[in-house]
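Spelled out from the first residue to the last, the chains are:
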Amino acid sequence: MQTVEAQGLRFRRKDLLGLADLSRAEIQAILNTAVSFQEIATRSIKKVPTLRGKTVITLFYEPSTRTRTSFEIAAKRLSADTVNLTVAASSAVKGETLIDTAKNLEAMAPDIIIIRHACSGAPHLLASRLHSSVVNAGDGLHEHPTQGLLDLLTVWEAKGRLDGLKIAIIGDIAHSRVARSNIHGFRTMGSRVVVAGPQTMLPPYLAELGMEVTYSLAEAVADADVIMMLRLQLERQGQMFFSTLREYSRFFGLNTEHLKLAKPDALVMHPGPLNRGVEIAPEVADGLQSAILRQVTNGVAVRMAVLYLLSGGEASGTAA
Amino acid sequence: MGLLLKDGLVVDPAQDLEAVCDLLIAGGRISRLAPAGTIPAEGHQVQDCRGLVICPGFIDMHVHLREPGQEYKETIATGGRAAAAGGFTAVACMPNTQPVNDTAAVTRFILEQADRAKQVRVYPVAAVSQGSQGKILAEYGELKAAGAVALSDDGRPVANAQLMRRALEYAHTFGLLVISHAEDLDLAGNGVMHEGLVSVQMGLRGIPAAAETVAVFRDCELARLTGARLHIAHVSTAGAVEVIRWAKVRGAPVTAETAPHYFSLTDEAVRGFNTNAKMNPPLRPAADVAAIKQGLGDGTLDCIATDHAPHSVLEKEVEFDQAANGIIGLETAVGLSLKLVQEGVLTLRQMVASLSTHPARILGVGGGTLQEGQPADITVLDPNRPWTVDVEQFQSKSRNSPFHGWQLPGRAVMTLVAGEIRYRHNT
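Parameters at a glance
Residues numbered from 1 in each chain as written. Chains lettered and ligands numbered in written order. Predicted model: local features only at pLDDT ≥ 70, side-chain atom pairs only at ≥ 80, totals over all residues. Heavy atoms only, no water. Helix = DSSP H or I, 4+ residues; strand = E, 2+ residues; numbered from the N terminus. Rg over C-alpha atoms; globule rule 2.2 N^0.38 Å. Buried < 20%, exposed > 50% of the residue type's maximum accessible area, 1.4 Å probe, protein only. Contact = heavy atoms within 4.5 Å. Areas by Shrake-Rupley, 256 points an atom, 1.4 Å probe, with all protein chains shown as cover. Pairing = 2+ DSSP bridges. Axes fitted to C-alpha atoms, helices over the stretch in contact; angles between N-to-C directions. Parallel < 35°, antiparallel > 145°, perpendicular 65-115°, else oblique. Left-handed = near helix turned anticlockwise from the far one by under 90°. Nonpolar A, V, L, I, M, F, W, Y, C, P; charged D, E, K, R; others polar. Domains from an automatic or database assignment. Buried area = accessible area lost by both parts, 1.4 Å probe. Salt bridge = Lys/Arg side-chain N within 4 Å of Asp/Glu carboxyl O. pLDDT = per-residue confidence, 0-100. Core = buried A, V, L, I, M, F, W, Y, C linked by side-chain atoms within 4.5 Å.

### What to know about the overall build of chain B
Point 1. A count of helical and extended segments in chain B gives 13 helices and 20 strands.
Point 2. Relative to the 2.2 N^0.38 estimate, which gives 22 Å for 427 residues, the radius of gyration of chain B is 21 Å and therefore close to what a compact globule would have.
Point 3. When its C-alpha atoms are laid out on the principal axes, chain B stretches across 65 × 45 × 45 Å.
Point 4. When burial is assessed residue by residue, chain B has 61% of its 427 residues classed as buried.
Point 5. Contacts in chain B between residues far apart in sequence, at least 24 positions, make up 74% of those at least 6 positions apart.
Point 6. For chain B, the accessible surface area stands at approximately 15,000 Å², while carbon and sulfur atoms represent 50% of it.

Structural data, given as structure tokens:
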């Protein structure tokens, strides 16, 4: 076993804005640290004093239940003080600018600001103006790095490695920040990424980004180690991206038949919330191969690791 | 007593002239243009122009001066100062002010403000449709009588093809040019940058090149159908260049312009969510940039116009999706164009034609030549005076330029309008 120092696994950044800019060693450092935090959730007193006296603000311009809750639980388990702000989009339009809001928050000396925003790049705008650390909790269609990290952790934990795995990502790649973060994360860690969906939902240039692209769900899941289903945004129907839910489900929804094409121990994942019976059949979502709830559990550990490392903590654990 | 510009390289494509000459200005007009050393200096103020290039005054046929209505971004006076400092003796200002320039009263107001500002000549472009709403034609006859030189709903396209047809015919009736902002709004959707590799990586909604190209094709066909003069604004795609070339070969009465940012920057400039790289049409990839350069070189694109679009920090220091489109261009256009000359994309003569001869002819406003007897609208360039762009030194009220910090090879060093020096570069 090598130590973290010996492998040069470090994470020394002010902000976590996306997985596109992270090196393999940085991602590994976060995953290792997350593993060391997993155990805290199993204790009867699920709290360590690591971030005592630190203030963490969640600033959400989009509705979210699980991501905000996950960040809040992560911060509280590390003994940080948390403040949650949900800004209705309408009042933001009428009211002050994003920069003004953030500067006002910063005037109260928080250590970390966690932001979700409908506009791609909003966290980058804040990060360039603030001294506090900024964590991107989802920006527009761009990135959702902690989701990508928790997916990496879930696969690593189940498979014991990331290198050389076939990861199939199915659905609306074009509008998915989860897909973008996962594509960057898995590619950086040496996995092979295949994406599938109707052409309306596959942006151009994916091949140039190193992805294998197919319109066939069967082709994508064949011999896959991991099948990641993306949530279908139902409003895309009115925007001419697909015909009917029935047809979408038939050609791009994952059912038990498709699952047989994948490796026998293939992992089924979904970032949630599920449209049961649309992109994923209920028996698959609840089946033995489903890691969907494990993803949620790992989300807390990964976010603890991110908050800890951004606060200057040392990476821990060993490499895959 | 006149002003004698001595020993400068005079480049005047309208006279097929590129030679070292003396040029005498008197009474606001070009009184004599003759080979170097042939005009006696006695009794005149002499300006040594050795190493400098004397051009017919540059005309920027596409600017936004924001007055009336958005004077916090720019006024006719500040925009005029920026134009003069950038080497322009005249600008044509787009009608998307508040209120829209769709009535003779607004056109007259713009001209009065330009008279008061005493900077450069200002040629108002009036709206194609009332309020630029794309529904009812504006009063072209009255607008022309008030001083409008062309019609455009720039900023938004004329979505209805039938309205565009009627606009071309009605404009033709009054001898007015229609300038098309060619964009298929349905295809553009809610895109905020070019649809390509960069937009996919950044998670920004894309505007495909086809949104411009198909609209350019529609309007070129309508120009062929009606025989009315059409000018395509801010061409940015290889496809649009190809369509315009095709239409010109078939005799369509079509001309076109591009802007310096479309031959100087690619969509890579958006990385980092740089809102000063957000404009409409959007910055395109390298293949389009190459096609734009080629189109300028072979004459498919007639003009270089800036699409000078001043915005304050209120519109630009925000989320990329919410940032306003456009950049200022008046004070960098000449330097960026000289860079094309330096790169061998254009000859100096072609550059002068793109910035003066052609826009003057297309707008039908006079100027664009240094023939004796013409008003002395003159741009003097130093093509070999490298400088660093510093937005804090700009005359414009706004600072939204992606070229801050760029090294440019040369600049305008003197701008004369009707013989009056409106700008002189001091070093």
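Now that the structure has been shown, we can carry on.
### A word on the sheet that holds strand β7 (residues 212-214) of chain A
All names here are of chain A.
Point 1. Strand order in this open sheet of 5 strands is β7-β6-β5-β8-β9, and the pairing throughout is parallel. Whereas interior strands pair on both sides, the edge strands pair on one side only; in this sheet they are β7 and β9 (267-269). Each neighbouring strand pair of the sheet contributes to a mean axis angle of 20 degrees, computed without reference to strand direction.
Point 2. The pairing of strand β8 (residues 226-229) with β9 spans 3 bridges and is classified as parallel. Note that in β9 the partner of M228 across the bridge is M269.
Point 3. Sitting on the sheet, helix α7 (residues 145-159) touches β8 and β9, and the angle it makes with β9 is about 165 degrees.

### Brief notes about the sheet that holds strand β13 (residues 230-232) of chain B
Residues and elements named next belong to chain B.
Point 1. A sheet is described by the order of its strands in space; here 8 strands give the open sequence β6-β7-β8-β9-β10-β13-β14-β15, paired in parallel fashion. Strands with a single pairing partner mark the edges of an open sheet, and in this sheet they are β6 (58-63) and β15 (303-304).
Point 2. Examined bridge by bridge, β13 and strand β14 (residues 254-258) share 3 bridges and lie parallel to one another. Looking at the pairing, L230 lines up with V254 of β14.
Point 3. Across the sheet, helix α4 (residues 161-173) touches β9 (150-151), β10 (177-180) and β13, and the angle it forms with β10 is around 150 degrees.

### Let's talk about the packing of helix α2 (residues 24-38) of chain A against helix α13 (residues 292-310) of chain A
Each pair of packed helices gets described by two things: the angle between the helix axes and the distance between those axes.
Residue and element names in this part refer to chain A.
Point 1. At their nearest, the axes of α2 and α13 sit 8 Å apart, and the two run at 115 degrees to each other. The angle between α2 and α13 places the two elements in the roughly perpendicular class. Judged by the sense of rotation from one axis to the other, the crossing of α2 with α13 is right-handed. Taken together, the residues of α13 that come into contact with α2 (itself represented by A29, I30, T33, A34, F37 and Q38) are R294, N298, A301, V302, M304, A305, V306, Y308 and L309.
Point 2. Per-class residue counts for the contact of α2 with α13 are 11 nonpolar, 3 polar and 1 charged.

### Here we look at the domain arrangement of chain B
All names here are of chain B.
Point 1. By the assigned domains, chain B splits into domain 1 (3-54 + 374-424) and domain 2 (58-363).
Point 2. If you average the C-alpha positions of domain 1 and of domain 2, the two centres end up 26 Å apart.
Point 3. Facing the 41 residues of domain 1 at the interface are 46 residues of domain 2.
Point 4. Where domain 1 abuts domain 2, roughly 3,400 Å² becomes buried across the two surfaces, and 65% of that area is made up of carbon and sulfur atoms.
Point 5. Counting across the domain 1 and domain 2 interface gives 3 salt bridges.
Point 6. Across the pair D16 and R349 runs a salt bridge whose closest N-O atoms are separated by 2.3 Å.

### Quick look at the pairing of strand β2 (residues 17-26) of chain B
All names here are of chain B.
Point 1. With 8 bridges joining them, strand β1 (residues 3-12) and β2 adopt antiparallel strand pairing. For D12, the partnering residue across the bridge sits in β2 and is L17.
Point 2. What sits between the antiparallel neighbours β1 and β2 is a turn of 4 residues, in which D16 has the positive phi angle 55 degrees.
Point 3. Sheet analysis places β2 next to strand β3 (residues 29-35), joined by 6 bridges and oriented antiparallel. Across the sheet, the residue bridging to L23 is L33, located in β3.
Point 4. Between β2 and β3, which follow one another and run antiparallel, lie 2 residues, and G27 among them has a positive phi close to 60 degrees.

### Overview of the confidence of the model for chain A
Point 1. Here chain A averages 92 in pLDDT, and 94% of its residues register 70 or above.
Point 2. Long-range and interchain partners of residues 1-6 of chain A, a stretch whose pLDDT sits below 50, account for 9 contacts in this model, where long-range means more than four residues apart.

### So, the nonpolar core
Point 1. Core analysis: the largest hydrophobic core is formed by 94 residues, its most contacted members being F58, V235, I244, M351 and L381 of chain B.
Point 2. Residue-level mapping places this core at the junction of two domains, with at least three residues from each of domain 1 (3-54 + 374-424) and domain 2 (58-363) of chain B.
Point 3. Excluding residues within four positions of it along the chain, M351 of chain B makes contact with F58, V334, S337, L338, V341, L346 and L381 of chain B.
Point 4. Within the second largest apolar cluster, 65 residues are counted, among which are L22, L202, M211 and L307 of chain A.

### Section: the pattern of salt bridges
Point 1. On inspection of all chains with the given rule, the structure shows 34 salt bridges over all chains.
Point 2. Where R129 of chain A meets E317 of chain B, a salt bridge forms, and the shortest distance between an N and an O atom there is 3.3 Å. On the criterion of chain membership, the pair formed by R129 of chain A in helix α6 (residues 122-129) and E317 of chain B in the loop between α11 (313-316) and α12 (333-342) is interchain, its members lying in two chains.
Point 3. A salt bridge links K73 of chain B to E315 of chain B; its shortest N-O distance comes to 3.9 Å. Of this pair, K73 of chain B sits in the loop between β6 and α1 (76-85) while E315 of chain B is found in helix α11, placing the two residues 242 residues apart along the sequence.
Point 4. Judged by relative accessible area, which is 4%, K73 of chain B ranks as buried.
Point 5. What makes E315 of chain B buried here is its relative accessible area of 14%.
Point 6. What emerges from the salt-bridge pattern is a single network uniting R68, E72 and K76 of chain A.

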